[in-house]
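# Close look at the chain arrangement
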Amino acid sequence: MKIVAILFGIALIILVLWEGFETIILPRRVTRRFRLTRLFYRSSWRPWVKMTTAFIPVRRRESWLSYFGPLSLLLLLSIWAIVLITGFALIHWALGSAVLSMDGSTGFLTDLYLSGTTFFTLGLGDVLPRDSSARLLVVIESGMGFAFLALVIGYLPALNQSFARREVSISLLDARAGSPPTASEMLRRHSHERGIEALQQLLHEWERWSAELLEGHLSYPVLAYFRSQHDNQSWLSALTAILDTCSLIMAGLEGACDRQAELTFAMARHAVIDLSLVFRPDHPGARIDRLPPETLVELRLLLAVSGHHLRQGDPLDQKLGNLRLQYEPCVHALAVYFQLSLPPWIAEQGWVDNWRGSYWEQPGKGGKAVFQARTEHF
């Protein structure tokens, strides 16, 4: 029984150390099928979504979904600490509970208390190791406690910096493509003089953003659960809007930056495909066509009014459909999994960009402003 306890304790310690190495230190995607971290997120995210959908009002669901990312990270770190403490306590118990306590108590609970105070380096002194093997375990566990604290201190700032870099570009897209961003608005707002050069520069920046998104979410998968500041923005909707825009340009938008659109499309699709492999969302089944024929006709007219000419004919429609098939199934599956909305191809009528919104939308009686909170804004 004691041999089994030692082996089980060692296995728990190795499991947590390896999981921490792969999650925090290793800067690449892990292809191993069984991972404690992946199991934790897949088994906790879906119940959180079901609980939010069942008990939280619609206007507050987005806020509750946004709590999951930070809370899950804290809970995961706590689970790692508890498992490490339990593993060392099992080894102490299997070695005969070689401890000296002030009240004379012994047993697994005393070993668990010694392990906890050692891991968190409390140094209370009410329970002490009394032989060389117990002292060695205490030294090893206290070193792991310091290393665990150092990793957490270094991991959280890196995670926040990666999140901030992701969100800066999404916020900049607000004035360039609307809220939420759409392909029609992105092209329409670049119909001014030298607009094509500006659009080319924008697509170049989003090619790099897509690469940074991919690397950041592969290194820190928990980032995908961190949601944007505004309810009508997300990393997935921004990525989808960029793919939509590139698809229109590649399909037959005259006078546009075809080569840059191809490069941005390739990088953005690469990000979508790899993230689908990491999170393995369920197939969404039957999905709504985001660009039915009547919407394509409306889109073509809208672009014509703004000075863009989108070629017509079956070859163009077929090419656009083939391009959409390369990414739309994946973004639909990711949207269902993360409970995020995909942007339309054409912006809704009367929508106000986030940067234009305020608490005082309309004048009230007597010239006083009416206080109106925009729930989709904050």
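### Examining the overall build of the chain
Looking only at helices and strands, one finds 13 helices and 4 strands in the chain. What you see for the chain is a C-alpha radius of gyration of 27 Å, clearly larger than the 21 Å of a compact globule of 378 residues, by over 25%. Seen through its C-alpha atoms, the chain measures out along the principal axes to roughly 85 × 60 × 35 Å. Per-residue burial over the chain gives 47% buried out of 378 residues. Summing over all exposed atoms, the chain offers an accessible surface of approximately 19600 Å²; the carbon and sulfur share of this is 63%. Averaging the locations of the 36 positively and 34 negatively charged side chains of the chain gives two centres separated by 4 Å.

### Some words on the packing of helix 2 (residues 36-55) against helix 3 (residues 58-94)
For the pair helix 2 and helix 3, interaxial distance at closest approach is 10 Å and the crossing angle is 150°. Between helix 2 and helix 3, the angle is such that the two are roughly antiparallel. The hand of the helix 2/helix 3 crossing is right-handed. Contacts between helix 2 and helix 3 pair Leu-36, Thr-37, Phe-40, Tyr-41, Ser-44, Trp-45, Trp-48, Val-49, Thr-52 and Thr-53 from the former with Arg-61, Trp-64, Leu-65, Tyr-67, Phe-68, Leu-71, Ser-72, Leu-73, Leu-75, Leu-76, Ile-79 and Trp-80 from the latter. Split by residue class, the contact of helix 2 with helix 3 holds 16 nonpolar, 5 polar and 1 charged.

### Structural notes on the pattern of salt bridges
This structure, assessed with the given rule, holds 12 salt bridges. Here Arg-188 makes a salt bridge to Glu-185, at a shortest N to O gap of 2.8 Å. In this pair, Arg-188 and Glu-185 are both assigned in helix 7 (residues 183-188), 3 residues apart and thus about one turn of the helix distant. Relative accessible area serves as the criterion here: at 34%, Arg-188 is assigned to the partly exposed category. Here Asp-353 makes a salt bridge to Arg-189, at a shortest N to O gap of 2.8 Å. With Asp-353 in the loop between helix 13 (328-338) and strand 3 (360-363) and Arg-189 in the loop between helix 7 and helix 8 (195-219), this pair connects stretches of sequence that are 164 residues apart. Salt bridges here are not isolated pairs; linked through shared partners, they connect Asp-244, Asp-289, Arg-290, Arg-324 and Glu-328.

### Thoughts on the state of the cysteines
Any covalent bond linking the sulfur atoms of two cysteines counts as a disulfide. Scanning all chains against the criterion turns up 0 disulfides. Just so you know, Cys-246 is unpaired, no disulfide at all, and the nearest cysteine sulfur is the one on Cys-257, 8.0 Å from it. What makes Cys-246 buried here is its relative accessible area of 0%. Here Cys-330 is not cross-linked by a disulfide; its sulfur's nearest cysteine counterpart is in Cys-246, at 16 Å.

### Some words on a nonpolar patch on the surface
Side chains of Trp-18, Phe-21, Ile-25 and Leu-151 sit close together on the surface and give an oily, nonpolar patch of about 360 Å² of accessible area. Considering each element in turn, the nonpolar patch owes the most residues, 3 residues, to helix 1 (residues 2-25). Here Phe-21 lies in helix 1. Exposure remark for Phe-21: the relative accessible area of 31% places this residue in the partly exposed category.

### A word on the nonpolar core
Within the largest apolar cluster, 91 residues are counted, with the highest numbers of intra-cluster contacts made by Trp-235 and Phe-338. If sequence neighbours within four positions are ignored, Trp-235 has contacts with Arg-166, Ile-170, Trp-209, Leu-213, His-217, Ala-224, Phe-226, Ser-228, Leu-275, Phe-338 and Leu-340.

### Details of the packing of aromatic side chains
Scanning the entire structure with this criterion turns up 24 aromatic pairs. With 5.9 Å between their ring centres and 55° between their planes, Phe-163 and Phe-226 make a pair best called tilted. Residue Phe-163 is found in helix 5 (residues 132-172), and its partner Phe-226 is found in the loop between helix 8 and helix 9 (235-252); the two are separated by 63 residues along the sequence. When sorted by exposure, Phe-163 lands in the same class as Phe-226, which is buried. Connected via pairs of aromatic rings, a cluster forms that spans Phe-40, Tyr-41, Trp-45, Trp-48, Trp-64, Tyr-67, Phe-68, Tyr-225, Trp-235, Phe-279, Tyr-337 and Phe-338.

### Some points on the side chain of Ser-179
Examined against the element boundaries, Ser-179 turns out to sit in the loop between helix 6 (174-177) and helix 7. What makes Ser-179 buried here is its relative accessible area of 2%. A polar contact of 3.1 Å, which involves the side chain of Ser-179, links it to the backbone nitrogen of Asn-354. With near-sequence residues (within four places) excluded, Ser-179 lies in contact with Asp-174, Asn-232, Gln-233, Trp-351, Asp-353 and Asn-354.

### Overview of unusual backbone geometry
In this model, Ser-179 is joined to Pro-180 through a cis peptide bond whose omega is 0°. Following the sequence through the fold, Pro-180 ends up in the loop between helix 6 and helix 7.

### Points about the confidence of the model for the chain
A low pLDDT score tells you not to read the predicted coordinates there in detail. On average, residues of the chain score 86 in pLDDT, and 91% of them are at 70 or above. Confidence drops under a pLDDT of 50 for residues 362-378, and excluding neighbours within four residues, the segment shows 33 contacts in the predicted structure.

### Quick look at the environment of Arg-311
Following the sequence through the fold, Arg-311 ends up in the loop between helix 11 (293-305) and helix 12 (314-325). In sequence terms Arg-311 and Leu-253 are 58 residues apart; their C-alpha atoms lie 6.4 Å from each other. Excluding anything up to four places from it in sequence, Arg-311 contacts Gly-252, Leu-253, Glu-254, Arg-300 and Leu-316.

### Quick word on the side chain of His-217
With respect to the helices, strands and loops of the structure, His-217 is situated in helix 8. Judged by its relative accessible area of 1%, His-217 is buried. Apart from the residues within four sequence positions on either side, His-217 is in contact with Arg-166, Leu-223, Ala-224, Trp-235 and Leu-275.

Rules and cut-offs
Residues numbered from 1 in each chain as written. Predicted model: local features only at pLDDT ≥ 70, side-chain atom pairs only at ≥ 80, totals over all residues. Heavy atoms only, no water. Helix = DSSP H or I, 4+ residues; strand = E, 2+ residues; numbered from the N terminus. Rg over C-alpha atoms; globule rule 2.2 N^0.38 Å. Buried < 20%, exposed > 50% of the residue type's maximum accessible area, 1.4 Å probe, protein only. Areas by Shrake-Rupley, 256 points an atom, 1.4 Å probe, with all protein chains shown as cover. Lys, Arg positive; Asp, Glu negative; His and termini not counted. Charge placed at Lys NZ, Arg CZ, Asp CG, Glu CD. Axes fitted to C-alpha atoms, helices over the stretch in contact; angles between N-to-C directions. Parallel < 35°, antiparallel > 145°, perpendicular 65-115°, else oblique. Left-handed = near helix turned anticlockwise from the far one by under 90°. Contact = heavy atoms within 4.5 Å. Nonpolar A, V, L, I, M, F, W, Y, C, P; charged D, E, K, R; others polar. Salt bridge = Lys/Arg side-chain N within 4 Å of Asp/Glu carboxyl O. Disulfide = S-S within 2.5 Å. Patch = residues over 30% accessible without salt bridge, like charges linked within 9 Å, V, L, I, M, F, W, Y side chains within 5 Å. Core = buried A, V, L, I, M, F, W, Y, C linked by side-chain atoms within 4.5 Å. Phe/Tyr/Trp six-rings, centres within 6.5 Å; stacked < 30°, edge-to-face > 60°. Polar contact = N/O pair within 3.5 Å; in protein donor to acceptor, adjacent residues only side chain to side chain. pLDDT = per-residue confidence, 0-100.

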